[in-house]
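Residues per chain are reported as follows:
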Amino acid sequence: MDFTADSLLSRAAHELSPRADELIHDVEQCLRREVPELWDEPDIAQMTRENIAEHIIALLFGIEHGIEPRRIDQPAADAERARRLAQRGKPVTAMLRAFPLAHGRILDRLLEVLPRLTRDAESINAATRKLIALSIAYMGRTSETGVLAFQGERDRRVQWRLSVVNEASVRVGTTLDIARTAQELADLATEHLADAVTVDLLNTSSGEEPPAKGTVAVRRIVQRSVMDGYPETTGLEAIYEEFSVPLQQLHRYPDGSPPARALVTGRPSRHHLGPSASMLLVPLCARGTTLGVAHFFRHHKPDAYGDEDLLLAQEIAARAAVAIDNARQYTHARATALTLQRSLLPRGTPAQSAVEVACRYLPAAADLGVGGDWYDVIQLSGARVALVVGDVVGHGIQAAATMGRLRTAVRTLADIDLPPDELLTHLDDVVIRLSAEVAVQTDTESAGDVGATCLYAVYDPVAGCCTLARAGHVLPTVMVRDGTADILELPAGPPLGLGGLPFESAEIDLPEGSLIALYTDGLIEALDHDIEAGLTRLRRTLAQSSTSLEATCDTLLETLLPADRPHDDVALLLARTHTLGDSQVATWDVDADPAEVARVRASVSEQLTTWGLEELDFTTELVVSELVTNAIRYGRPPIQLRLIHDRTLMCEVSDAGNTTPHLRRARVFDEGGRGLFLVAQLAEHWGTRHARRGKTVWAECAPGTPKLLSDAAALNVEGLPEVV
């Protein structure tokens, strides 16, 4: 029987069609050996198996019915399967290798059938040439269709991945908050990549207990799922046990577990958790340090995670890790600066009777850093008290350190009882020297001029007056007992650090119960209003304040500041004044006659009996004798003695001379030089303060046996004067 090439091929395809299952199996086994990447995932393997069967059936049908290769119907899902390969990250070479291998097996089977149908070698050769041409045409057409679909999907995936990475660079790391950054990572991932995300960071807090041996301690920062009702939903917990960890709780990964390996090695990994669930483990690494690990879970999407998904997760996790590391370093630096600043601020106010005080410090918003605002309450001689509020220009550790140096300088200058204007003059010199030190530094981070403002007030409860001076600082507010709050008009002074300009002080009377408010500009100035508007609101709030200073502080902060953190640091100091009446103060004018010393001693003894301070009689008489004697011998009249009975007994001797007494150690045969030594040993504190005219030498005596007298008693000595 004579066959044409077409009829011979049709007959061969007809003979082979009933055994198509065997041919499909043969091709499948060949591709399993030669192209294993098409079989390593169950869903891809099933798709490849279906693709083989449909192509073999379509090709045999076309050959049997003499259909031209370009008219043979390709499988409807052929292009979609090529796109699936691109989506799963399979290389296009796998598809291109599979086509010739499969067609080679089909050709072999068809060529085996031809000799059984005819012995005509010429017909067989013609059919063979026809079959090869037909196979090449069909393979070229299917390859072209597959490559175009694959490349189109690959380009689309690349563009999508770039868009997600670009979106991550915009959306992740918008703040310097660690938890917020981790949440932004989880939000982005659940929109594009995952059905659920958790972020665990290594526990680096020194306050926590050390990790147990063989485990890695981490803290759950964020967990997010696309499932509604989470965390009440238990479906995720059934699939992913990691979701059972509460937020912010410290937990541990056993040694050798996938998360522990990711944290130790810094390498990401993919995991199949079940038929419909897969997971990506991506360590968060930045600047050579592993910060934590992110889990990406998928269970709703039909495809398990592939290599390209892992690459995308790495890219967005790398950006998140840099942002988290920036936030971590900033948080550490800010915490250090806050700790430094709070350690430099007073931990409490000294016990005194001049004023009742309440104070607050509130740092600025996190993105601005720590500022240099401060306040202080300093106990002075004569039952007086100094109230200080200052503001260093700038933010950061440098500002906090400068604030600490200025606060120390103010306390040192206040200790020598300088008037407010003179104190600010000396403080101005201190700031100028600090600016000069900064100017020669090479560290660019700390470079820049040092500037500050300050308000220094001294309240005297005996006179019921307050002396104030300011250096470029905002004006204070005073509210008297009738409820009216007014801004104190003080002489303007230049900010500290300018030099060469004078400071002036003003003295005002403050009746009993007056309220004076000292603050920095952060309390009254904001982005939506100026200082004048802030002062108006401050006066209105003070006029409606309660009797409690603590409650008034809270009310002022709530009323004048925004709900979130202010744009600048805030220091607030409230003081309610008290006065010491005539019953607590005794004053004597002393003539410049040594005989007056005995009369003064008698008057002092009588006054101490009136106050019920007989136990201080001997000590006070001795101190008063020495101070009055020194004033008579070395000072100038008029001379005055004043006793103040407050928490302690204060003795003050004033004269018109400007000579400052000094403590010295007398030699054995010296006739003088022991008076101030006795005063220093018998009194709790002593010192000298200068006024515009003259000076005051003061000593503070407290109940109890002075150290000098107790030492004398230990030596079984009957009288101290004989010992001396």
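Residues numbered from 1 in each chain as written. Predicted model: local features only at pLDDT ≥ 70, side-chain atom pairs only at ≥ 80, totals over all residues. Heavy atoms only, no water.

The next point concerns the sheet that holds strand β19 (residues 649-655). With antiparallel pairing, the five strands of this open sheet are ordered in space as β17-β18-β19-β21-β20. Among the strands making up the open sheet, the edge pair consists of β17 (585-590) and β20 (685-690). For this sheet the average axis-to-axis angle between neighbouring strands, irrespective of direction, equals 15°. (Pairing = 2+ DSSP bridges. Helix = DSSP H or I, 4+ residues; strand = E, 2+ residues; numbered from the N terminus. Axes fitted to C-alpha atoms, helices over the stretch in contact; angles between N-to-C directions.)

Here we take up the packing of helix α10 (residues 307-344) against helix α11 (residues 397-415). Relative to each other, α10 and α11 sit at 10°, their axes nearing to 9 Å. By the criterion of interaxial angle, the relationship of α10 to α11 is roughly parallel. In contact with Ala-333, Thr-336, Ala-337, Leu-340, Gln-341 and Leu-344 of α10, α11 contributes Ile-397, Ala-400, Ala-401, Met-403, Gly-404 and Arg-407. Classifying every residue of the contact of α10 with α11 gives eight nonpolar, three polar and one charged. (Parallel < 35°, antiparallel > 145°, perpendicular 65-115°, else oblique. Contact = heavy atoms within 4.5 Å. Nonpolar A, V, L, I, M, F, W, Y, C, P; charged D, E, K, R; others polar.)

With that settled, the discussion passes to the pattern of salt bridges. Applying the stated criterion across every chain, the model contains 38 salt bridges. In this structure, Asp-26 and Arg-105 form a salt bridge, with 2.8 Å as the shortest nitrogen-oxygen distance. Here Asp-26 is found in helix α2 (residues 20-34), whereas its partner Arg-105 is found in helix α5 (residues 92-117), with 79 residues between them in sequence. Residues Glu-308 and Arg-157 are paired through a salt bridge, measuring 4.0 Å at the closest nitrogen-oxygen approach. With a gap of 151 residues between them, Glu-308 in helix α10 and Arg-157 in helix α6 (residues 121-171) connect regions that are remote in the sequence. Comparing Glu-308 with Arg-157 shows no difference in burial state: the two are buried. Each of the salt bridges in this network shares a partner with another, and the network as a whole consists of Arg-154, Arg-157, Arg-298, Glu-308 and Asp-309. (Salt bridge = Lys/Arg side-chain N within 4 Å of Asp/Glu carboxyl O. Buried < 20%, exposed > 50% of the residue type's maximum accessible area, 1.4 Å probe, protein only.)

Once that is clear, we can look at the side chain of Thr-467. Note on placement: Thr-467 falls in strand β11 (residues 465-471). The class of Thr-467 is buried, set by a relative accessible area of 19%. The residues touching Thr-467, leaving out its near neighbours within four places in the chain, are Pro-420, Tyr-456, Ala-457, Val-458, Ser-505, Ala-506 and Glu-507.

Turning our eyes to something else, we now look at the nonpolar core. Counting residues in each nonpolar core, the largest one holds 80 residues, and the members touching the most others are Leu-387, Tyr-456, Tyr-519 and Leu-523. Setting aside chain neighbours within four positions, we find Leu-523 in contact with Leu-538, Leu-556, Leu-557, Leu-560, Leu-561, Val-570 and Leu-572. Phe-3, Val-27, Ile-72 and Ala-127 belong to the second largest nonpolar core, which has 47 residues in total. (Core = buried A, V, L, I, M, F, W, Y, C linked by side-chain atoms within 4.5 Å.)

Most peptide bonds are trans, and most residues other than glycine sit at a negative phi. Backbone torsion omega between Pro-637 and Pro-638 reads 5°, so that peptide bond is classified as cis. By secondary structure assignment, the location of Pro-638 is in the loop between α17 (617-634) and β18 (639-645).

Next up on the list: the sheet that holds strand β14 (residues 505-509). Across the sheet, which stays open at both edges, the five strands sit in the order β8-β9-β10-β11-β14 with antiparallel pairing between neighbours. The open sheet terminates on both sides in strands that have one partner only, identified here as β8 (371-379) and β14. Adjacent strand axes in the sheet meet at a mean angle of 15°, parallel and antiparallel pairs treated alike. Note that β8 and strand β9 (residues 385-395) share nine bridges and pair antiparallel. Its bridge partner lying in β9, Asp-376 is registered against Val-388. Of the strands in this sheet, β8, β9 and β10 (452-460) are in contact with α11, which crosses β8 at around 20°.

All we've got here are geometric facts, nothing functional implied.
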